[in-house]
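Given next are the chains, with one letter for each unit.
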Amino acid sequence: PAPTERNDMTETALAHADTILTDALVVTVDDERRVISDGAVAIRGDKIAAVGKTDDVLATWTADDIRDASRFVITPGLINTHVHITGEPLTRGFVPDDTPFLENVFEWLTPIHTFYTEEDERISAQLAALEMLKSGTTSFLEAGTVRFMDPVVDGLAEIGIRARVGPWAWDLVPHYEALNMTTDQAIGRLADAMDRFGSVADGRIQAWPIVIGHTCCSDDLWRAAKELATVHGSGISFHMSPAAMDAEWFLETYGQRPMVHLEEQGILAGGNALATHVVHVDDEEIDVLARTQTTVSHCPTTALKVSYGVTQIGKFPEMVARGVNVAIGTDGNNASNYHDLMRATYLVAGLFKDARRDATIFPAEQAFAMATRSGARGLCAEDEIGSLEVGKKADLVLHDTNRPEWRPLHNVANQLVWSADGRGVHSVYVDGRLVVDDYRCTTIDEDELLRQAQRAGDGIRSRSGLPDRAKWPTI
């Protein structure tokens, strides 16, 4: 939005902000879920200084940069609670979409991770971050596929996104030499990441102890990761139960289902655990999730594409009804193939309406809150992000309503969830910094990054030796 001159009052009596966005439709997602017509947001430093009617804000605040935002809907930045920023972005769509779960994971996805170089991972992380920023995601939680932390953190700091990252950690998988590690090595990798990247780029980037989960981690590794999270005041994240095999293994190994066993080990205590997928769970496990205040990251596109059975046996409505905090993730680029959280939110709103034949499940307002407020809670950052409120971080998204999918505009929640997607994101602020403006990233050379991504992806495919299973012949 272009700067404009609006305030002709005496500035000496006014507080000074860096930027004021005026005359917009402001979707606060605050506790009252207020939507403010002719609304304004004032930004000072990295914080929101004021939110309200434009006339009221301009009666108190001034700025050198006052922008007419009448063309826009302003929302909080979206929060992606599970995304693979390395290991998959540079092979997006290469993995066939008709592979069963075990083949998909163990013959395609995991082996591909081993062929990434340090430079590949930096490019991969920036590519994923670019897609997220340009579609309205300002914060994300990494899925734990980072091998080379230093270039990844450096690339994320440069592009300007808010991130929680951590190295790949498991200790019960003997395969894949490049990823194999003992329990001590896995714990050492997590501890090193927490020590060196606990808070980077003025706190925008923070390390978490992220374990792969599934059937890949010993109890010693689980407990060590939890202890690191407790000591450093962070969260802990893991994959669990996308398919039946996780529950079957835990029952065979421990005589308990996964969530019951993790609660007994103390992994879910303290409300700082985030579990991803969680499709194959029973009612007792849902009680555990509710009792321990564990967040669940629901990745609807992956569930559909890799055929988890989410619409047949998934219990996400029951989780929410029991008070479980359910947020949304996009997962990897060979599982969902995109990082536009607005598209994933659309699926969250729709899947169980049809599966249960109940149109009241996950209305648009609730689905959008899952992409913002619930995500903030999952990142242990609900006091900082997730809504547009004074004192919170200035992470804002400006959606362009001068587009056919946005007109006519009657109900903004319905429009955000059912009509629009990330392609209508015009501008994005993170920490008060304009990182996307007029549909372009302001912090890096987009075109050069895309060229680098294509070259790097071609190299990974070549080194992997995996076959090209595309069904349409290229001539």
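Each remark here, short or long, concerns the structure printed above.
As the structure is a computational prediction, the values presented were derived from the model and not from experiment.

Reading the values: rules and limits
Residues numbered from 1 in each chain as written. Predicted model: local features only at pLDDT ≥ 70, side-chain atom pairs only at ≥ 80, totals over all residues. Heavy atoms only, no water. Helix = DSSP H or I, 4+ residues; strand = E, 2+ residues; numbered from the N terminus. Expected span 1.5 Å × (residues − 1). Buried < 20%, exposed > 50% of the residue type's maximum accessible area, 1.4 Å probe, protein only. Contact = heavy atoms within 4.5 Å. Pairing = 2+ DSSP bridges. Axes fitted to C-alpha atoms, helices over the stretch in contact; angles between N-to-C directions. Parallel < 35°, antiparallel > 145°, perpendicular 65-115°, else oblique. Left-handed = near helix turned anticlockwise from the far one by under 90°. Nonpolar A, V, L, I, M, F, W, Y, C, P; charged D, E, K, R; others polar. Salt bridge = Lys/Arg side-chain N within 4 Å of Asp/Glu carboxyl O.

Colleague: Explain helix H2 (residues 101-113) here, please?
Modeller: Residues that lie three or four places apart on an α-helix share one face, since the helix turns once every 3.6 residues. Between its first and last C-alpha atoms H2 spans 17 Å; for 13 residues at 1.5 Å apiece the expected length is 18 Å, and the two agree. Three or more residues of H2 are buried, namely Phe101, Asn104, Val105, Trp108, Leu109, Thr110, Pro111, Ile112 and His113. Where H2 is buried, its residues touch helix H7 (244-254) and helix H17 (446-464).

Colleague: Explain the sheet that holds strand E14 (residues 325-328) here, please?
Modeller: Strand-to-strand pairing in sheets goes through backbone hydrogen bonds, with the strands running parallel or antiparallel. The strand order E10-E11-E12-E13-E14 describes an open sheet built from five strands, whose pairing is parallel. Sheet topology places strand E10 (210-213) and E14 at the edges, where each strand pairs with a single neighbour. Pairwise comparison of adjacent strand axes, ignoring direction, gives a mean angle of 25° for this sheet. Pairing analysis gives four bridges linking strand E13 (residues 295-298) to E14, with the strands arranged parallel. From the neighbouring strand, His298 faces E14, where its bridge partner is Ile328.

Colleague: Looking at this structure, how should I read the sheet that holds strand E6 (residues 78-83)?
Modeller: The four strands are arranged E6-E7-E8-E9 in an open sheet whose pairing can be described as parallel. At either end of the open sheet lies a strand with only one pairing partner, and these are E6 and strand E9 (205-207). Ignoring strand direction, the axes of neighbouring strands in this sheet form an average angle of 15°. By the bridge criterion, three bridges tie strand E8 (residues 162-165) to E9 in an arrangement that is parallel. Note on E9: the bridge partner recorded for Val165 is Ala207. Along the sheet face, helix H3 (residues 118-134) touches E6 and strand E7 (137-142) and points at about 140° away from the line of E7. The sheet contacts of helix H4 (residues 149-159) involve E7, E8 and E9, and relative to E8 the element is tilted by about 165°.

Colleague: Explain the packing of H3 against H17 to me, please; I cannot follow it from the model alone.
Modeller: Axis angle and axis distance: for two packed helices, these are the angle between their axes and the distance between the axes, and together they describe the pair. Following both chains from N to C, one finds H3 and H17 inclined at 130°, their axes separated by 9 Å at the closest point. In terms of orientation, H3 lies oblique with respect to H17. The two elements H3 and H17 meet at a crossing, and its hand is left-handed. Within the contact between the two elements, H3 uses Asp120, Ile123, Gln126, Leu127, Leu130 and Lys134 and H17 uses Glu446, Leu449, Leu450, Gln452, Ala453, Ala456, Ile460 and Arg463. For the contact of H3 with H17, the per-class residue count stands at eight nonpolar, two polar and four charged.

Colleague: Can you help me understand the pairing of E7 in this one?
Modeller: Looking down a regular strand, the side chains alternate between one sheet face and the other. Here E7 lies mainly inside the structure; six of its six residues are buried. By the bridge criterion, four bridges tie E6 to E7 in an arrangement that is parallel. Within the sheet, the bridge partner assigned to Val83 lies in E7 and is Glu142. Inspection of the sheet shows E7 paired to E8 by three bridges, in the parallel sense. Paired with Ser139 across the bridge in E8 is Arg162.

Colleague: What should I look at first to understand the pattern of salt bridges in this one?
Modeller: Two side chains of opposite charge can pair, provided their charged atoms sit close to one another. Taken as a whole and judged by the stated rule, the model has 33 salt bridges. For Arg71, the salt bridge goes to Asp400, with nearest N and O atoms at 2.7 Å. Taken together, the residues span a long stretch of sequence, with Arg71 in the loop between strand E4 (61-68) and strand E5 (72-76) and Asp400 in strand E15 (residues 396-400) at a distance of 329 residues. Residue Arg71 is classed as partly exposed on the basis of its relative accessible area of 32%. When the shortest N-O distance is used, the salt bridge between Arg461 and Asp468 registers 3.3 Å. You can call Arg461 partly exposed: its relative accessible area is 34%. Where salt bridges share partners, they join Asp46, Arg162, Lys393, Asp395 and Asp431 into one cluster.

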